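Listed here are the chains, written in short residue letters.
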Amino acid sequence: MAKFDLIVIGAGPGGYVCAIRAAQLGMKVAVAEGRETLGGTCLNVGCIPSKALLHATHQLHEVHENFEKMGIMGAKPKVDWPRMLAYKDDVIGQNTKGIEFLFKKNKVTWLKGWATIPSAGKVQVGDETHEARNIVIASGSEAASLPGVEIDEKTVVTSTGALELEKLPKKMVVIGGGVIGLEMGSVYARLGAEVTVVEYLDRLIPGNDGEVAKTFQRILKKQGMDFILGAAVQAVTVKRGKASVGYTLRKDESEHVIEADCVLVATGRKPFTQGLGLDKLGVALTRRGQIATDAHYASSVKGIHAIGDVIEGPMLAHKAEDEGMAVAEILAGQAGHVNYGVIPGVIYTTPEVASVGETEETLKEAGRAYKVGKFSFMGNGRAKAVFLGEGFVKILADRETDRILGAHVIGPMAGDLIHEVCVAMEFGASAEDLARTCHAHPTFSEAMREAALACGDGAIHA
Ligand code: NAI
């Protein structure tokens, strides 16, 4: 039996970051991970592989849509799907091996296998039981199921199956107009599939700024994706590799069926706690099955902590990473902390969508007086040069104090641009602070400054 200061369960972005930080702070650390490679959902079947496919298919889009416009002529390349998948797998391999290297460098032990917690202070992996002064559960999440829909990961797939389809679909139905549905849907639309998104609500990307959602839908429609909104999927049946998706339109209760050769179910994820033995331990759960934690990530059982997708909050790799660092610091006697008001959200389509902080909807609901500074990428020279002039930046600031409350971007590199507002918000900056900061020309970030200027006396290029 080996003794550790900390055993982390799960080597996703929450778990591996927690382990590395704890080791840096002098703890003897082990991580239990049952997958064959480190990195969890994010590196193996989530963020990283989907970004590889988004990148590859964006290049394809550029070749087909924009090369001739720039005077680059010649035969149009075709897709070799197995090779594209091999490229994606290579990207996964490079990243997961990177975590293995970081574990070695930081002397973090990898306990290979699925862990159970027989009692507080003990973690069993395979036949061996290890002692731990503290345990951090970072076991992540799995795709939520939908009644009437059976996943076979071939014809009816979750995001995992959607990353390794045997052949390219001609017709794809995506159930759920959230982040996964739109990212993966846009991959297959660019690869030539007819993609229809069926969404329960009357809008896409719930929780995001409404105006951004509308613009996003318009742009994706132009890229060839179709949308059926306000539609509740009832059942999916599969016959000889062909799927029929039955849905009811909520406005008139009418029933419809749409056919596809691939159905992606992207209706959310749920915490993954199976096999940990939480019941026996008496670890309290929330109504939604997450591990209930206090402000220090402590569960109801002493010595057992939890972070990431398995607890409350947005299911985002970077939120898990921040919690991983915070809990390691707390366990080391420091003041670890996560500012939940400044967690960016990004959708990696083209254009990208990014947001942080309040939306107009949440501010209206809270009755808070705010002002809006908006700037279109049409006024940004760099964006026009790369055919990405659609979209805009919207900065929300307190009407009285000018303090930045949130930002919403749809446009080129939005996922990177958002961070200057994140930093500004961490420092309690005003829109004027941002507007008075010199931004290099010509960059996409000038659009951020222009939106900040629009919160005051006005943008220059609007
Ligand atoms: P989501 O919560 O983003 O979207 C699910 C959508 O499905 C919602 O719009 C919902 O209204 C709709 N829906 C639910 N039931 C339905 C039904 N019966 N018929 C039609 N529509 C229905 O969930 P998603 O996209 O599955 O992603 C899961 C989690 O993974 C999210 O928390 C997301 O933030 C995270 N994620 C983040 C990424 C990123 O940061 N870029 C990438 C991929 C996932």
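Given the structure is predicted, the values throughout are model-derived calculations rather than measurements. (Residues numbered from 1 in each chain as written. Predicted model: local features only at pLDDT ≥ 70, side-chain atom pairs only at ≥ 80, totals over all residues. Heavy atoms only, no water.)

A. Molecular detail of the environment of glycine 246. Note that glycine 246 resides in strand β13 (residues 242-249). Residues glycine 246 and valine 423, 177 residues apart in the sequence, show an inter-C-alpha distance of 46 Å. If near-sequence neighbours (up to four positions away) are discounted, glycine 246 is found in contact with Ala232, Val233, Gln234, Ala235, His256 and Val257. (Helix = DSSP H or I, 4+ residues; strand = E, 2+ residues; numbered from the N terminus. Contact = heavy atoms within 4.5 Å.)

B. Looking closely at the domain arrangement of the chain. Taken domain by domain, the chain consists of domain 1 (3-142 + 270-338), domain 2 (156-267) and domain 3 (342-454). Using only C-alpha atoms to locate each centre, domain 1 and domain 3 end up separated by 29 Å. The interface is formed by ten residues belonging to domain 1 together with six residues belonging to domain 3. Roughly 740 Å² of surface becomes buried between domain 1 and domain 3 when both sides are summed, with 77% attributable to carbon and sulfur atoms. Inspection of the domain 1/domain 3 interface yields zero salt bridges. At the surface where domain 1 touches domain 3, the tally comes to two residue pairs in polar contact (both at pLDDT 80 or more). For the side of domain 1 that touches domain 3, the elements supplying multiple residues, two or more each, are α3 (47-66) and α9 (317-331). Counting residues per element, the side of domain 1 that touches domain 3 draws most heavily on α3, which supplies four residues. (Domains from an automatic or database assignment. Buried area = accessible area lost by both parts, 1.4 Å probe. Salt bridge = Lys/Arg side-chain N within 4 Å of Asp/Glu carboxyl O. Polar contact = N/O pair within 3.5 Å; in protein donor to acceptor, adjacent residues only side chain to side chain.)

C. Fine view of the side chain of asparagine 208. Looking at where asparagine 208 falls in the secondary structure, it is placed in the loop between β10 (194-198) and α7 (210-222). Ignoring any residue separated from it by four or fewer positions in sequence, one finds asparagine 208 in contact with Arg203, Val353, Ser355 and Thr359.

D. Main features of the pattern of salt bridges. The full count for this structure, using the stated rule, is 20 salt bridges. Here aspartate 89 and lysine 88 are joined by a salt bridge, their closest N and O atoms 3.1 Å apart. A relative accessible area of 41% means that aspartate 89 is categorised as partly exposed. Linking arginine 436 and glutamate 432 is a salt bridge whose minimum nitrogen-to-oxygen distance equals 2.6 Å. You can call arginine 436 exposed: its relative accessible area is 66%. In this structure, a network of salt bridges that share partners links the residues Asp209, Glu211, Glu360, Lys374 and Lys394. (Buried < 20%, exposed > 50% of the residue type's maximum accessible area, 1.4 Å probe, protein only.)

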